[in-house]
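Listed below are the residues making up each chain.
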Amino acid sequence: MSFKTSGLHHVTAIGGDPQRNADFYLRTLGLRLVKTTVNFDDPGTYHLYYGDESGKPGTLLTFFPWRDAPSGRIGTGQATTTSFSVPEHSLGWWKQHLEVSGVTTSEVTSRDEEEVLTFRDPDGLQLALVAHQQGDPRDPWDTALVPGEHAIRGLHSVTMSVSREDATAGTLTEDLGLTFSEQDSNRFRFTAGDGGPGAMVDVLVTPDAPKGLVAAGTVHHVAWRAPDEETQVGWREALVDCGVGVTSILDRQYFRSIYFREPGGTLLEIATDQPGFSIDEPLLELGRALKLPPWLEPNREQIEATLPKLDLPSENNPVRV
Ligand code: ZN
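Per an unreviewed UniProt entry, the chain carries the name Ring-cleaving dioxygenase and comes from Prauserella endophytica.

**Q** So, the coordination of the zinc ion: which residues are in play, and what are the values?
**A** Bound to the zinc ion on the protein side are His10 (NE2), His221 (NE2) and Glu269 (OE), at distances that span 1.9 to 2.0 Å. Here the donor residues of the zinc ion share one chain and are spaced in sequence as H-x210-H-x47-E. Separated by 259 residues along the polypeptide, His10 in strand 1 (residues 8-15) and Glu269 in strand 16 (residues 267-272) bring together distant segments of the chain. Here Glu269 falls in the buried class, since its relative accessible area comes to 0%.

**Q** An account of the sheet that holds strand 14 (residues 250-251) is needed here, citing residue identities and associated values.
**A** Spatially, eight strands are ordered 2-3-4-1-13-16-15-14 in an open sheet, and the strand pairing comes out mixed. Of all strands in the sheet, those with a lone pairing partner are strand 2 (32-39) and strand 14, marking the two edges. Relative to strand 16, strand 13 (residues 219-226) runs parallel, the two being bridged by five bridges. From the neighbouring strand, Ala223 faces strand 16, where its bridge partner is Glu269. Against the sheet, helix 1 (residues 18-28) engages strand 1, strand 2, strand 3 (42-51) and strand 4 (60-65), with an angle of about 10° to strand 3.

**Q** I'd like a rundown of the pattern of salt bridges, residues and numbers included.
**A** Applying the stated rule across the entire model yields 21 salt bridges. Between Arg189 and Glu114 there is a salt bridge whose closest N-O contact spans 2.8 Å. Of the two residues, Arg189 is situated in strand 11 (residues 187-191) and Glu114 in strand 7 (residues 114-120); the sequence distance between them amounts to 75 residues. Of the two residues, Arg189 and Glu114, neither departs from the other in class, the shared state being buried. Arg138 is the salt-bridge partner of Asp136, the closest N and O atoms lying 2.8 Å from each other. We classify Arg138 as partly exposed; its relative accessible area is 21%. Connected through salt bridges with shared partners, the residues Arg111, Glu114, Arg187, Arg189 and Asp202 form a single ionic network.

Quick notes on the rules
Residues numbered from 1 in each chain as written. Predicted model: local features only at pLDDT ≥ 70, side-chain atom pairs only at ≥ 80, totals over all residues. Heavy atoms only, no water. Donors = N, O, S within 2.8 Å, 3.2 Å for Na, K, Ca; no water. Helix = DSSP H or I, 4+ residues; strand = E, 2+ residues; numbered from the N terminus. Buried < 20%, exposed > 50% of the residue type's maximum accessible area, 1.4 Å probe, protein only. Pairing = 2+ DSSP bridges. Contact = heavy atoms within 4.5 Å. Axes fitted to C-alpha atoms, helices over the stretch in contact; angles between N-to-C directions. Salt bridge = Lys/Arg side-chain N within 4 Å of Asp/Glu carboxyl O.

What follows is the structure, encoded as structure tokens:
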């Protein structure tokens, strides 16, 4: 297999109440809502994309949030922690900010060259903020809600929990082109491309942990980057040749996607970098209006009547002079 991803594209999770979800990720974590659309496979449910200013690949956490969703169980066969990258020396600010916002956090812990602060979102999704000594060159979404000095730079990594490591490691290295980089006890780190924040996954071997159940408060899938559609077509063919049960190429409007499940149980996706979120609305207006793909546009009236209204902070779409 000669195809190699350059890093994470997005993580998609299941949420509960959409307004509570948006308030947490926009106001408390200071991300930007870069697209308000629906789950293309279930148009009665929102699909909310949070990221940096333009929603670049590697900055995105997306949700299918719906009221009254049953709670899931975090466990093996899932991505169990989604980590964001923040500047070095920012974790003290974040710990105080989260506590003032009513979020219970861990103490700041150190591992190798990283400091880590863990907490959960309102639906129980496990999150972490990670500050790496080498820093992160990505530009933050800078608003009054979370100042740019401390703001999230994008995804740092995901942690996948598995009952055994070998088969999952095989998928990561052979099917996605990742490289094993280090082991710390039961944690195996793999990196994509040049590594660094946004290009890492930790495989945590927890044979005695319960099996995960995907519902509210859990990750649905983890998407990895493909540079373009041509690469994705070849990549898919190579996966089929290797006997991987991969979907056909699906049009997700803002990228093209293929999906397959790694042997440990986590659903993976390979998503193209293009065309991105400015395809159907200008950069300044991202996220403010409900956008539908052409094939759902005829049902707009019915879809809008089904979805609860969302109240977004004005900082999501600042007026620039
Ligand atoms: Zn996805």
